[in-house]
Amino acid sequence: MAHMKPRNKYRNEKQNVQLLEKALSLKDRLFSMLALKRGLRRLRRWFLIALCAAPVVWGIWYGVNYMLEKAYNLSIDNISYVSRHGVISHSQAMKILGIENSVNMATLDVSGMLETLKSHPCIADASIRAEMPETLHIEIDERIPVVYVEMESAAETGNRTRMFMDPKGVLFPVVEDYHLNFMNVPTWYLQPEDVRAIEPGATISESRCRPIKELISAVNAYTLTEIPAISEIFCPKEWKIVLTLENGTEVIMQAYEIKDQLARLAMLLEHSRVVGRPLRSANVIPKINPAVIYADSAAPAAEQQKQEDDKK
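In short, a report on the structure. (Residues numbered from 1 in each chain as written. Predicted model: local features only at pLDDT ≥ 70, side-chain atom pairs only at ≥ 80, totals over all residues. Heavy atoms only, no water.)

**Remarks on the sheet that holds strand β8 (residues 171-172)**
Here's step 1: Sheet architecture is open: 9 strands sit in the order β8-β7-β6-β9-β10-β11-β12-β13-β14, paired in mixed fashion. Pairing within the sheet leaves two strands with one partner each, and these edge strands are β8 and β14 (291-294).
Here's step 2: By the bridge criterion, 5 bridges tie strand β11 (residues 240-245) to strand β12 (residues 250-254) in an arrangement that is antiparallel. Within β12, the position partnered with K240 by the bridge is Q254.
Here's step 3: Most of the contacts of helix α7 (residues 206-219) go to strand β10 (residues 230-237), to which it runs at about 150 degrees, and overall it touches β6 (147-151), β7 (163-165), β9 (187-190), β10, β11 and β12.
Here's step 4: Contacts from helix α8 (residues 258-275) reach β11, β12, β13 (279-283) and β14 within the one sheet, and its direction differs from that of β12 by about 155 degrees. (Pairing = 2+ DSSP bridges. Helix = DSSP H or I, 4+ residues; strand = E, 2+ residues; numbered from the N terminus. Contact = heavy atoms within 4.5 Å. Axes fitted to C-alpha atoms, helices over the stretch in contact; angles between N-to-C directions.)

Structure, rendered in structure tokens:
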């Protein structure tokens with residue numbers, strides 16, 4: 001055991017040399033061969049490290065620049081477009097987004113494009129998804145017109161603002177390029193309590209919309225021969241609905257049991273065609289013996305019937 005060499009002999013010798021060097025003056029240390037050799041070794045070590053790291057740094061720099069250059073030159077030419085109701089075409093949707101030809105990957109702003117679509121008053125919802133490397137998927141859910149809406153007092157006030165209403169009671173503008181197939185929907189004339197103002201995004205309450213939506217849905221089950229198209233809808237009272245058909249017939253009904261009343265109306269119209277006497281007006285609220293006035297009836301009788309109906 002006494003003859004074993006110290007395990008840390010080299011480290012001890014190195015520490016002794018460093019202690020001796022510290023005892024020398026600064027001038028002697030600067031010009032010391034040991035210090036010079038040590039500095040050269042350190043310099044060589046750092047040079048080797050830099051030499052090895054240079055290719056890695058250059059590779060990263062080149063890769064980043066290559067990717068950026070490819071991104072700026074990469075365009076998405078394949079745009080997949082789905083319209084839920086077929087109201088807004090592909091070209092019209094691209095016009096809304098301001099896309100003329102293709103989309104550049106470097107400037108692609110999916111969230112901004114999505115906000116543009118969702119904020120459009122004629123679009124209820126939308127989704128956009130970029131599928132690398134060259135496809136952009138766009139889906140939209142348009143608002144479907146149920147009726148036109150206009151204030152009943154428009155003739156007096158001169159404010160003839162007219163908009164569409166969707167099934168949820170939301171108002172949105174009439175855009176002929178989008179809504180060519182909906183230009184003949186009925187016009188519902190509103191009361192002041194129905195809506196604060198006729199403007200995009202305004203909403204009519206569900207309780208007020210329900211009879212109108214039920215009416216439109218129910219009348220679509222009949223052919224135009226059975227029940228002519230509705231041109232105007234008035235709701236002078238909460239329980240009362242007054243319709244004007246395209247053939248000029250005025251129909252008085254209540255806001256409940258819509259289907260049953262339309263069935264009675266279809267029966268009355270069929271009878272008028274059989275006897276060759278067009279209907280001027282019909283009150284289909286009574287389940288038995290609905291009140292009718294024919295076009296060839298005396299005008300005072302028609303006015304009397306109208307006054308009786310208004311008192312109900």
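**Comments concerning the environment of R264**
Here's step 1: As for its placement among the helices and strands, R264 is situated in helix α8.
Here's step 2: Distance in space between the C-alpha atoms of R264 and N289 is 9.7 Å, their sequence separation being 25 residues.
Here's step 3: Here R264 is in contact with V284, I285, P286, K287 and P290, once residues within four sequence places are set aside.

**Here's the deal with the sheet that holds strand β5 (residues 135-142)**
Here's step 1: Overall, mixed pairing links the 3 strands, which are arranged β2-β5-β4 in an open sheet. A single partner strand is all that each edge strand has here, and the edge strands are β2 (78-83) and β4 (123-131). Shown here is a sheet whose adjacent strand axes are inclined to one another by a mean of 15 degrees, direction ignored.
Here's step 2: Pairing between β2 and β5: 6 bridges, direction parallel. By the bridge assignment for β5, I79 is matched with L136.
Here's step 3: Sheet contacts for helix α4 (residues 90-97): β2, β4 and β5; angle to β2, the most-contacted strand, approximately 110 degrees.

**Things to note about the packing of α7 against α8**
Helix packing for two helices is described by the angle between their axes and how far apart those axes are.
Here's step 1: Running from N to C, α7 and α8 cross one another at 45 degrees; their axes reach a closest spacing of 9 Å. In terms of orientation, α7 and α8 fall into the oblique class. Read as a crossing pair, α7 and α8 show a hand that is right-handed. Counted together, P211, E214, L215, A218 and V219 of α7 and I258, K259 and L262 of α8 form the full contact between these two elements. (Parallel < 35°, antiparallel > 145°, perpendicular 65-115°, else oblique. Left-handed = near helix turned anticlockwise from the far one by under 90°.)

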